[in-house]
Amino acid sequence: MKRTQIENIEIELLLEGIFRRHGYDFKHYARASLKRRLEAIVSRQNLNHISEILPRVLYDHDFMNDFVKGMSVTVTEMFRDPFVYRAIRKLVIPFLKTFPFIKVWHAGCATGEEVYSMAILLKEEGFYDRTQIYATDFNRSSLRIAQEGIYSIKDMKQFTQNYYKAGGKTSFSNYLYSKYESAKIQDSLKKNILFSHHNLVADGVFGEMNLIICRNVLIYFDMDLQNRVLSLFHNSLCHGGILCLGSKESIRFSSVWPKFEVIAEKEKIFKKKYENFGMVNGTEKQVEI
Amino acid sequence: MERKNKLKYDAIVIGVSAGGMEALSVIFPGLPKEFPLSITVVQHRQADSDDFLIQYLNNLSPMLVKEAEEKESLSSGVVYIAPPGYHLLIEEDHSFTLSVDPPVNYARPSIDVLFESAADAFMEKLVGIVLTGASADGSLGLKKIKELGGLTLVQAPETAEHPFMPRAAVQATQIDHILQLNQISPFLLEQFSVHS
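So, how was this worked out
- Residues numbered from 1 in each chain as written.
- Chains lettered and ligands numbered in written order.
- Predicted model: local features only at pLDDT ≥ 70, side-chain atom pairs only at ≥ 80, totals over all residues.
- Helix = DSSP H or I, 4+ residues; strand = E, 2+ residues; numbered from the N terminus.
- Rg over C-alpha atoms; globule rule 2.2 N^0.38 Å.
- Buried ≥ 20, exposed ≤ 12 C-beta atoms within 10 Å, placed from the backbone.
- Contact = placed C-beta atoms within 7 Å.
- Pairing = 2+ DSSP bridges.
- Core = buried A, V, L, I, M, F, W, Y, C linked by C-beta atoms within 7 Å.
- Domains from an automatic or database assignment.
- UniProt positions renumbered as here; feature names shortened; annotations may be inferred.
- Axes fitted to C-alpha atoms, helices over the stretch in contact; angles between N-to-C directions.
- Right-handed = clockwise from strand over helix to strand, strands pointing away.
- Nonpolar A, V, L, I, M, F, W, Y, C, P; charged D, E, K, R; others polar.

### Some remarks on the overall build of chain A
The helix and strand inventory of chain A stands at 10 helices and 12 strands. Here chain A has a C-alpha radius of gyration of 20 Å; the compact-globule value for 289 residues is 19 Å, and the two agree. Summarising its shape, the C-alpha atoms of chain A cover approximately 60 × 55 × 30 Å along the three principal directions. Residue burial in chain A is summarised as follows: out of 289 residues, 38% are buried. Here the contacts in chain A between residues at least 6 apart in sequence split such that 75% fall between residues at least 24 apart.

Structure, rendered in structure tokens:
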């Protein structure tokens, strides 16, 4: 048997063990990127094989916390893909402004950089005070970082460049307190953001959102799980609600494709189609046409 | 159909960094439209790069050159370029996965990430090629390709615009063929051409 095949056995046993012991279901993650993360954990912990992770996640609580952290390390930026924020300003904000109050769900917010980017954008569009942002992630230590909103000063050059490319209207430093090697997001940007724990793989609908942002999360899932999460988003959006995905993600080959229209192709912004009226997932919804 | 069985290899992966555009524009014009393997390329570049590289290479290549898309299945006769700012990986069902995990060897996309996943996906049916570059990315990936029975090629360091990367690859593992840049596509044609 080839090494690769033996490793597959190890991975399957490990994922089954984690699921039965802790309820985290990684079985529908894209296998290649998942394996790479497992190998990173093996090398960080000075282990030799993926199967050696299993006894540790079963019995060692601290190890399990570290494992979950290792399974969701992504690296992002404030205003990552500035052209997306320009499109949101131009194509999405004018529509959202027609509502007296909106709800935004940032699903898989990781360490929060993109949540604060959206908060800044909404503030500059004069709309922040009429917004409630829900920012969720399944990784509690990422959420803690997101909530603190403290980033390394080293990243600020890139973030500032992105901010201007994204159509920023004032000075980026207005939104930060800088001290020593860190920059902290201003509290006024945090007041309408609620950070909370939510696992897209296992948890349910977040109701009546006007805008859902979920960027570079679906790329970690296989097709089945992508379809499940996309229909969760569909059910969580109000009619005409907006879905914004990562620049290399699409719904075109997914099961929800007929239920959305494209607002911006390259920026991956979609709008939930209006249904005439009727039962949506068991909840009666009256919709004006 | 029968000729397919004669082919020992299913896919080629190429890693290239500084000096890459010139190197690739020497290789791709020499490969025919119906080249019987897929070719997947990681070229190090800025995260906000546009699609100039892809259009440029597509214009001078008989093979179709396109950006690799998430969940897309690999097809023979197509050159796939990793999108900037993402790692590109190959699944065992021969489709692509992207990730925004931290950079590896200061690079995203990283050559090692592509090569190591491709080695698992294709095992002994994979060809790995390391070209010009000023980093050590690709060495570990090429080593894994060799360990799983694949074929390893490296651009002769003295003919590379930046010799560091091919040199690092040569030191990391056993290389089957060290070739000058202009020998690479004739070699691939001779090894894999369906008509020879």
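### A short note on the pairing of strand S4 (residues 176–179) of chain A
The side chains of a regular strand alternate between both faces of the sheet. Residues and elements named next belong to chain A. Note: S4 against strand S5 (residues 182–185), 4 bridges, orientation antiparallel. Note that in S5 the partner of Leu176 across the bridge is Ile185. Counting the residues between successive antiparallel strands, the hairpin from S4 to S5 contains 2 residues, one of them, Tyr180, with a positive phi of roughly 50°.

### Structural notes on the nonpolar core
If you look at the biggest cluster of nonpolar residues, it comprises 128 residues, and the most contacted ones within it are Ile212 of chain A together with Leu114 and Ala118 of chain B. Counting residues domain by domain, this core receives three or more from each of domain 1 (3–70) and domain 2 (82–283) of chain A. Not counting chain neighbours up to four residues away, the residues in contact with Ala118 of chain B comprise Ala11, Val13, Thr40, Ile90 and Leu126 of chain B.

### As for the UniProt feature "domain: CheR-type methyltransferase" (unreviewed entry) in chain A
The UniProt entry lists residues 1–273 of chain A under the feature "domain: CheR-type methyltransferase" (unreviewed entry), expressed in the numbering used here. Helix makes up 42% of residues 1–273 of chain A and strand 19%, and the two end C-alpha atoms of the span are 51 Å apart.

### Topic: the sheet that holds strand S3 (residues 150–152) of chain A
Residues and elements named next belong to chain A. Spatially, the 3 strands line up as an open sheet ordered S3-S5-S4, and their pairing is antiparallel. For this open sheet the edge positions go to S3 and S4, each flanked by a neighbour on one side alone. Pairs of neighbouring strands in the sheet enclose a mean axial angle of 30°, with direction left out of account.

### Some thoughts on the pairing of strand S8 (residues 237–245) of chain A
Residues and elements named next belong to chain A. Of the pairings in the sheet, the one linking strand S7 (residues 209–214) to S8 comprises 5 bridges and is parallel in character. If you follow Cys214 over to S8, its bridge partner there is Leu245. For the handedness criterion, the β-α-β arrangement of S7, helix H10 (residues 223–236) and S8 is classed as right-handed. One ladder, built from 3 bridges, connects S8 with strand S10 (residues 269–272); its direction is antiparallel. Residue pairing across strands places Ile242 opposite Lys271, the latter belonging to S10.

### What about the interface of chain B and chain A?
Contacts between the two partners involve 19 residues from chain B and, on the opposite side, 19 residues from chain A. Of all elements in the fold, only strand S5 (87–90), strand S6 (96–99) and helix H4 (111–122) of chain B reach the threshold of two or more residues within the side of chain B that touches chain A. Tallied by class, the residues present in the side of chain B that touches chain A amount to 10 nonpolar, 3 polar and 6 charged.

### Description of the domain arrangement of chain A
Frequently, the measure chosen for interface size is the accessible area that the parts lose on association. All names here are of chain A. We note that the domain assignment places domain 1 (3–70) and domain 2 (82–283) within chain A. If you look at the interface, domain 1 gives 8 residues, while domain 2 gives 9 residues. The residue inventory of the side of domain 1 that touches domain 2, partitioned by class, reads 3 nonpolar, 3 polar and 2 charged.

### What about unusual backbone geometry?
The linkage connecting Arg108 of chain B with the following residue, Pro109 of chain B, adopts the cis geometry, with an omega of 10°. Here Pro109 of chain B shows up in the loop between S6 and H4. In this model, Asn46 of chain A sits at a positive phi of 55°, which is unusual for a non-glycine residue. Looking at where Asn46 of chain A falls in the secondary structure, it is placed in the loop between helix H2 (31–44) and helix H3 (53–59). Given 7 C-beta atoms within a 10 Å radius, Asn46 of chain A is considered exposed.

### What to know about the sheet that holds strand S8 (residues 151–155) of chain B
All names here are of chain B. Taken together, the 7 strands give an open sheet; going across it, the order is S3-S4-S2-S1-S7-S8-S9, and neighbouring strands pair in parallel fashion. Each edge of the open sheet is held by one strand with a lone partner, namely strand S3 (64–67) and strand S9 (177–179). With strand direction ignored, the average angle separating the axes of adjacent strands in the sheet is 20°. In the sheet, strand S2 (residues 38–43) pairs with strand S4 (residues 78–81) via 3 bridges, with the strands oriented parallel. By the bridge assignment for S4, Val41 is matched with Ile81. Set on the sheet, helix H3 (residues 52–60) makes contact with S2, S3 and S4; between it and S3 the angle comes to about 170°.

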